[in-house]
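Chain by chain, the residues:
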Amino acid sequence: MEQQNLFLLVKAAVVGLAGAFLTAFGWLGWLVLIWVACMVLDYLTGSAAAIRAGRWGSVQAFTGIWHKAGMIAVVTVAALADSVLAAAAQNLTDFSMPYRVLLLPVVLLWYILTELGSILENAAALGAPVPQFLSKALAAAADTAGADAAGKTR
């Protein structure tokens, strides 16, 4: 009975935190949660594909973690730049120019698309059939954003 109470307590805490986060950040919060979920799924599927191919090692695993840390830094810079631009738009002009966010959602969408492309590649390496139309759609969307489907910039 105590384990069930602990499970309910943890579940309530997760729901409460998610609700507070989404209330504070709205639709942008959803983008952040989707991006984080994509990063986790990409890391897990990439690790599974490397294990399946017999190429998993701590160096490659840490390289993936450092890659994700760099992405977090870029997203943080985009959020800070949006904050600076919003403050400048409101305080440095003679008229109040509405500006909330622009850079952060664009960066998050770009990262989500590239992560999804990488997840598809990992799924294919794990032996899953990947619909060609899905690969092409993600590649085209990522290409439009200036990256190939694996998330490498040009």
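See the structure shown above.
In this report, the structure presented in the accompanying data block is examined. (Residues numbered from 1 in each chain as written. Predicted model: local features only at pLDDT ≥ 70, side-chain atom pairs only at ≥ 80, totals over all residues. Heavy atoms only, no water.)

Helix and strand counts for the protein chain stand at 4 helices and 0 strands. Ordered by position from N to C terminus, the α and β elements of the protein chain give α-α-α-α. The globule rule puts the C-alpha radius of gyration for 154 residues at 15 Å, and the 19 Å found for the protein chain is more than 25% above it. With the principal axes as the frame, the protein chain shows a C-alpha extent of 60 × 55 × 30 Å. Considering the protein chain as a whole, with its 154 residues, one finds that 25% of them fall into the buried category. At a minimum sequence separation of 6, the contacts of the protein chain that also span at least 24 residues come to 64%. Accessible surface for the protein chain amounts to roughly 10,300 Å². Of this, 72% is attributable to carbon and sulfur atoms. (Helix = DSSP H or I, 4+ residues; strand = E, 2+ residues; numbered from the N terminus. Rg over C-alpha atoms; globule rule 2.2 N^0.38 Å. Buried < 20%, exposed > 50% of the residue type's maximum accessible area, 1.4 Å probe, protein only. Contact = heavy atoms within 4.5 Å. Areas by Shrake-Rupley, 256 points an atom, 1.4 Å probe, with all protein chains shown as cover.)

The next subject is the environment of A142. Here A142 lies in helix α4 (residues 132-144). It is 9.4 Å that separates the C-alpha atoms of A142 and L109, two residues lying 33 residues apart in sequence.

Residue position: L103 is located in helix α3 (residues 103-125). Exposure remark for L103: the relative accessible area of 33% places this residue in the partly exposed category. Taking the C-alpha atoms as reference points, L103 and E121, separated by 18 residues in sequence, lie 27 Å from one another. Apart from residues lying up to four places away in sequence, L103 is in contact with A78, A81, D82 and L85.

Moving on: the side chain of D42. Along the chain, D42 turns up in helix α1 (residues 2-53). Given a relative accessible area of 9%, D42 falls into the buried group.

Turning our attention to the side chain of K68. Secondary-structure assignment places K68 in helix α2 (residues 58-91). A relative accessible area of 10% means that K68 is categorised as buried. Apart from the residues lying within four places of it in its own chain, the contact partners of K68 are M39, D42, Y43 and E115.

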